[in-house]
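Examining the three-dimensional arrangement
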Amino acid sequence: MSPVTQQARGETAQQVELSIGGMTCASCAARIERKLNKVDGVRATVNFATEKAKVSYPDGTTPEQLVKVVEAAGYTAELPAPPRQESSPAEPEDPTRSLRQRLITSVALAVPVIALAMIPAWQFTNWQWLSLTLAAPVVVWGAWPFHKAAWTNLRHGSATMDTLISLGVGAAFGWSVYALFFGMAGMPGMRHGFELIAARGSSGSAIYLEVATGVTAAILAGRYFEARSKRRAGAALRALLELGAKDVAVLRDGREVRVPVETLRVDDEFVVRPGEKVATDGIVVDGSSAVDASMLTGESVPVEVRPGDTVVGATVNAGGRLVVRATRVGADTQLAQMARLVEDAQNGKAAVQRLADRVSAVFVPIVIVLALGTLVAWLAAGAGTAAAFTAAVAVLIIACPCALGLATPTALLVGTGRGAQLGILIKGPEVLESTRGIDTVVLDKTGTVTTGRMSLVAVHTAEGEDEAEVLRLAGALESASEHPIARAIATAAGRTGALPAVAEFRNSEGLGVQGLVEGRAVLVGRLALLEQWSVHPGEALVAAKNEAESLGRTAVLVAWDGRARGVLVVADTLKPTSAQAVRDLRALGLTPILLTGDNEAAARAVAAEAGIEEVIAEVLPKDKVDVVTRLQREGRRVAMVGDGVNDAAALAQADLGLAMGTGTDVAIEASDLTLVRGDLRAAADAIRLSRRTLATIKGNLFWAFAYNVAALPLAALGLLNPMIAGIAMAFSSVFVVSNSLRLRRFRSGITDGSHPAQG
């Protein structure tokens, strides 16, 4: 996020996004969040998976003060970096490198320690001293990040997951050193076997070096695979941010000058050659080409553009040379807005995650008390120091709530990132929860179900007339007009070939147009225009006109040389994919409703073509929000899909607002989900992906909670060896992240154009 601060919508508060360092578990994130929220007027959300803090703060507070609050809690914080400069930056350091080095060394040293402890036949004379020699570097150096974090937290009067690990590993190693130097474990010929449960009976010869090294290696492995998975989870967003062009050929005094894209300004004209990326959002001023937007919208078919058409930054020019005038640059471009929406969504928290955070915040102190209680209970029961110690260490190790903290953020990272790849922008985790209860989807007609542009749909001719000739002459005359109906007729006629020239063109306001084409006096317009010239259509043409108008379409009469020649029918046509989109929405258990300001007949015709049974027609733009409110009062959970300024209030009122990305910025701002492409099938994809992401979050939380609930009693009862507990704890975190990564396999239902893919 390049700007350091921005105005929060509807508030005077400012926002900043801090990069947090030093967090090792969800408890750390909860602690930083608590510290920041204690500052007057500050609202903070800290995300463990993204290592970001999104902070809203009032006037009088500075971002630097917020950084100091985080540092006072024992962590690091950095303000957003300034915009990227063109100087090639150094390759960012791999954050998993240090972990990987510690993991490899710890595993290499821990394996022989564990093998010697588990296999009595390998226990040669004084084997225990070799085990101590191998274990010491693992416990001191390998586990150093845990010890360091535990000490930092202790100095600030708090405890986190690292406290549990440090205590467990330190206790196991400390007991072993004590037994070796002051007990009987150091005697030559000492033997002991490996047991899965705590054995009764006190023995000064028991050592736990395999526990200290095994737990360290297992948790380092968990942390390493977790870090790798988190990087993979955020790969979609990083790829989105890196899509943009790095430099651009700007036209200066008629010459092309290649400059860094950061120096581009609004109204600059720049050249895009075939194969190059469009540098920023703009309008084509010269040239025509096909533009490939697949990396931005997921749409595989290139879009033809010509002068006057808009293009989006980061799309690829697949055809001819284009000259584009920049309309939006930097943080205002569609690519930057997409990235910002995705990043904001990933930094949010679902309500269910807030519960997990509250549990994590109090969990560690409870576990420490529980471990002490376990130790005392076993000693009081006369089970012996070794058994009591084993059970207490197992409780410390097994209870780490790491999986709880990863359950929501990792699923959000992958789900929102995958959505961005498919052209679906999810604004936040609360949106995911909204999709669950939706039962009704209100579809705005114009621009959502239909193309929003007038097109020629039928040509009816008088007896003996040639259809192509009627369209050619009418199209030639209409090509001189800018009216949407005229443009539709001219465009259709132009597909058949070059149109003849027009002379003495005249527009009759509200009636039609007239002029000379190839020496013929041509009239194109309403019946009233023809009657002014005493031209009376035959019964067949009048019947065709009346039938078209009964369906809510526009009928245009064509005449020349004193005789009516045909009727051209123009309408806002259904998008080719809308009928399939309606079927997809029904398959999700949703009831589609068509909402439009058109007359009932026109609305019914479009609805029938799309497969929609329920229609609400003749609704004024300002009344759309009332329709949504009425449906909600009836007990329905309403999703609204729209694209215009007049849809914004209804999108905001709906339980779930979906804006077509081809629409206005106002509609997109008011919505919960943005569909970058103009295909209505993306709405079904968006709801499926949202529901799948929410289901993944809930599955993660269930297994994380269930794991702790089931494992703690087993550990307290002495039914788990601490090393097995460490492996299980590390596996739980890896499982949660791996489960989230399954969302990367989500497939769009648009790919084959038929049925929704089972993503």
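Residues numbered from 1 in each chain as written. Predicted model: local features only at pLDDT ≥ 70, side-chain atom pairs only at ≥ 80, totals over all residues. Heavy atoms only, no water.

1. Quick look at the overall build of the protein
- When its secondary structure is counted, the protein shows 26 helices and 27 strands.
- In the protein, which comprises 759 residues, the proportion classed as buried is 53%.
- Accessible area for the protein stands at about 32,400 Å²; split by element, carbon and sulfur atoms hold 57% of it. (Helix = DSSP H or I, 4+ residues; strand = E, 2+ residues; numbered from the N terminus. Buried < 20%, exposed > 50% of the residue type's maximum accessible area, 1.4 Å probe, protein only. Areas by Shrake-Rupley, 256 points an atom, 1.4 Å probe, with all protein chains shown as cover.)

2. Re the UniProt feature "transmembrane region" (unreviewed entry) in the protein
- Cross-referencing UniProt, the feature "transmembrane region" (unreviewed entry) maps to residues 103–121, 127–144, 164–185, 205–225, 359–381, 387–414, 700–717 and 723–741 in the present numbering.
- Annotation note: span residues 103–121, helix share 84%, strand share 0%, distance between end C-alpha atoms 28 Å.
- In the segment residues 164–185, helix accounts for 86% and strand for 0%; the C-alpha atoms at its two ends are 26 Å apart. (UniProt positions renumbered as here; feature names shortened; annotations may be inferred.)

3. Digging into the environment of Ile424
- With respect to the element layout, Ile424 can be found in strand E15 (residues 424–426).
- Note on Ile424: relative accessible area 1%, which makes it buried.
- Among residues more than four places away in sequence, those in contact with Ile424 are Gly419, Leu673, Thr674, Ala682, Asp685 and Ala686. (Contact = heavy atoms within 4.5 Å.)

4. As for the sheet that holds strand E23 (residues 591–595)
- The strand order across the open sheet formed by seven strands is E15-E27-E26-E25-E16-E23-E24, and the pairing between neighbours is mixed. The strands lining the two open edges of the sheet, one partner per strand, are E15 and strand E24 (614–616). Neighbour-to-neighbour, the strand axes of this sheet turn through a mean angle of 20°, independent of strand direction.
- Alignment of E23 against E24, held across three bridges, turns out to be parallel. Directly across from Ile593, in E24, lies its bridge partner Glu614.
- Sheet strands touched by helix H14 (residues 429–437): E15, strand E26 (656–660) and strand E27 (673–675). Its angle to E26, the strand with the most contacts, is close to 105°. (Pairing = 2+ DSSP bridges. Axes fitted to C-alpha atoms, helices over the stretch in contact; angles between N-to-C directions.)

5. Section: the sheet that holds strand E18 (residues 502–508)
- Strand order in this open sheet of six strands is E17-E22-E21-E20-E19-E18, and the pairing throughout is antiparallel. Across the chains shown, the open sheet's two edge strands, defined by having one partner strand only, are strand E17 (450–461) and E18. Within the sheet, the average angular offset between the axes of one strand and its neighbour, ignoring direction, is 20°.
- Two elements, E17 and strand E22 (residues 563–574), share eight bridges in a ladder whose sense is antiparallel. Note on E22: the bridge partner recorded for Ser455 is Ala571.
- Contacting E17, strand E21 (554–560) and E22, helix H19 (residues 539–550) runs over the sheet at an angle of about 15° to E22.

6. Here's the deal with the pattern of salt bridges
- Scanning the entire structure with this criterion turns up 23 salt bridges.
- A salt bridge links Arg252 to Asp268; the nearest nitrogen and oxygen atoms lie 3.8 Å apart. Note that Arg252 is positioned in strand E6 (residues 247–252) and Asp268 in the loop between strand E7 (255–260) and strand E8 (269–272), a separation of 16 residues in sequence.
- The exposure class assigned to Arg252 is partly exposed, which follows from its relative accessible area of 35%.
- Using a relative accessible area of 17% as the deciding quantity, one classes Asp268 as buried.
- Measuring nitrogen to oxygen at the nearest pair gives 3.2 Å for the salt bridge that ties Glu469 to Arg472. (Salt bridge = Lys/Arg side-chain N within 4 Å of Asp/Glu carboxyl O.)

7. Examining helix H25 (residues 681–716)
- The terminal C-alpha atoms of H25 lie 53 Å apart, and with 36 residues this matches the ideal 52 Å at 1.5 Å per residue to within 8%.
- Note on H25: the residue one or two positions beyond its end, Gly718, has a positive phi of about 80°. (Expected span 1.5 Å × (residues − 1).)

8. Considering the side chain of Asn317
- With respect to the secondary-structure elements, Asn317 resides in strand E13 (residues 316–317).
- For Asn317, the side chain forms a polar contact with the main-chain oxygen of Arg273, separated by 3.3 Å.
- Those residues in contact with Asn317 that sit more than four places away from it in its chain are Val272, Arg273, Pro274, Gly275, Glu276, Ser289, Ala290 and Leu322. (Polar contact = N/O pair within 3.5 Å; in protein donor to acceptor, adjacent residues only side chain to side chain.)

9. Section: unusual backbone geometry
- Positive phi, close to 85°, is recorded for Ala314, a residue that is not glycine.
- Position of Ala314 relative to the elements: it lies in the loop between strand E12 (310–311) and E13.
- Look at Ala314 and you get buried, because its relative accessible area is 1%.
- Phi is positive for Glu618, which is not a glycine, with a value near 55°.
- The topology assignment puts Glu618 in the loop between E24 and helix H22 (624–633).

10. Comments concerning the environment of Ser508
- Assignment of secondary structure puts Ser508 in strand E18.
- Overall, Ser508 belongs to the buried group, its relative accessible area being 14%.

11. Some thoughts on the packing of aromatic side chains
- Tallied over the entire structure, the rule returns six aromatic pairs.
- Considering the side-chain rings of Trp129 and Phe181, the 5.3 Å spacing of their centres and the 80° angle between planes classify their relative orientation as edge-to-face. Separated by 52 residues along the polypeptide, Trp129 in helix H4 (residues 127–142) and Phe181 in helix H6 (residues 161–182) bring together distant segments of the chain.
- For the ring pair Tyr178 and Phe182, a centre distance of 5.8 Å and an interplane angle of 35° mean the geometry is tilted. Residue Tyr178 and its partner Phe182 are both found in helix H6; the two are separated by four residues, about one turn of the helix.
- According to the relative accessible area criterion, Phe182 is exposed, its value standing at 66%.
- Here the aromatic cluster, defined as three or more aromatic residues joined through ring pairs, consists of Trp175, Tyr178, Phe182 and Phe389.
- The side chain of Arg102 reaches across the aromatic face of Trp141, ending 4.9 Å from its centre. (Phe/Tyr/Trp six-rings, centres within 6.5 Å; stacked < 30°, edge-to-face > 60°. Lys NZ or Arg CZ within 6 Å of the ring centre and 35° of its normal.)

12. Things to note about the packing of H4 against H6
- Relative orientation of the contacting elements H4 and H6 amounts to 150°, with a least axis distance of 11 Å. Classed by the angle they form, the pair H4 and H6 counts as roughly antiparallel. When you trace H4 past H6, the crossing you get is left-handed. Contacts from Gln128, Trp129, Leu132, Ala135, Ala136 and Val139 of H4 reach H6 at Val169, Phe173, Val177, Leu180 and Phe181.
- Across the contact of H4 with H6, the residue classes tally to ten nonpolar, one polar and no charged. (Parallel < 35°, antiparallel > 145°, perpendicular 65-115°, else oblique. Left-handed = near helix turned anticlockwise from the far one by under 90°. Nonpolar A, V, L, I, M, F, W, Y, C, P; charged D, E, K, R; others polar.)

13. Focus: the environment of Val431
- By the secondary structure assignment, Val431 is in helix H14.
- Val431 sits 242 residues away from Leu673 along the chain, and the two C-alpha atoms are 7.7 Å apart.
- Other than its neighbours up to four places away in sequence, Val431 contacts Ile426, Leu656, Asp672 and Leu673.

14. A short note on the nonpolar core
- Core analysis: the biggest nonpolar cluster contains 54 residues, and Phe173, Ile207, Tyr208, Leu209 and Ile398 have the highest contact counts within it.
- Listing elements by their share of this core, those giving two or more residues are helix H3 (97–118), H4, H6, helix H7 (209–233), helix H11 (351–380), helix H12 (385–398) and H25.
- Per-element accounting of this core gives the leading share, nine residues, to H6.
- Ranked by size, the runner-up nonpolar core spans 50 residues in total, among them Val414, Ala610, Ile612 and Val736. (Core = buried A, V, L, I, M, F, W, Y, C linked by side-chain atoms within 4.5 Å.)

15. Points about the confidence of the model for the protein
- Per-residue confidence for the protein gives a mean pLDDT of 81; residues scoring 70 or more make up 83%.
- A low-confidence stretch, residues 83–92 stays under pLDDT 50, and its non-local contacts, those more than four residues away or across chains, total eight contacts.
- Note on residues 752–759: pLDDT is under 50 here. Beyond four places in sequence and across chains, it has 20 contacts. (pLDDT = per-residue confidence, 0-100.)

16. Things to note about a nonpolar patch on the surface
- A grouping of Met118, Ile119 and Trp122 is seen on the molecular surface, where their side chains present a nonpolar patch of about 290 Å² in accessible area.
- Along the chain, Met118 turns up in helix H3. (Patch = residues over 30% accessible without salt bridge, like charges linked within 9 Å, V, L, I, M, F, W, Y side chains within 5 Å.)

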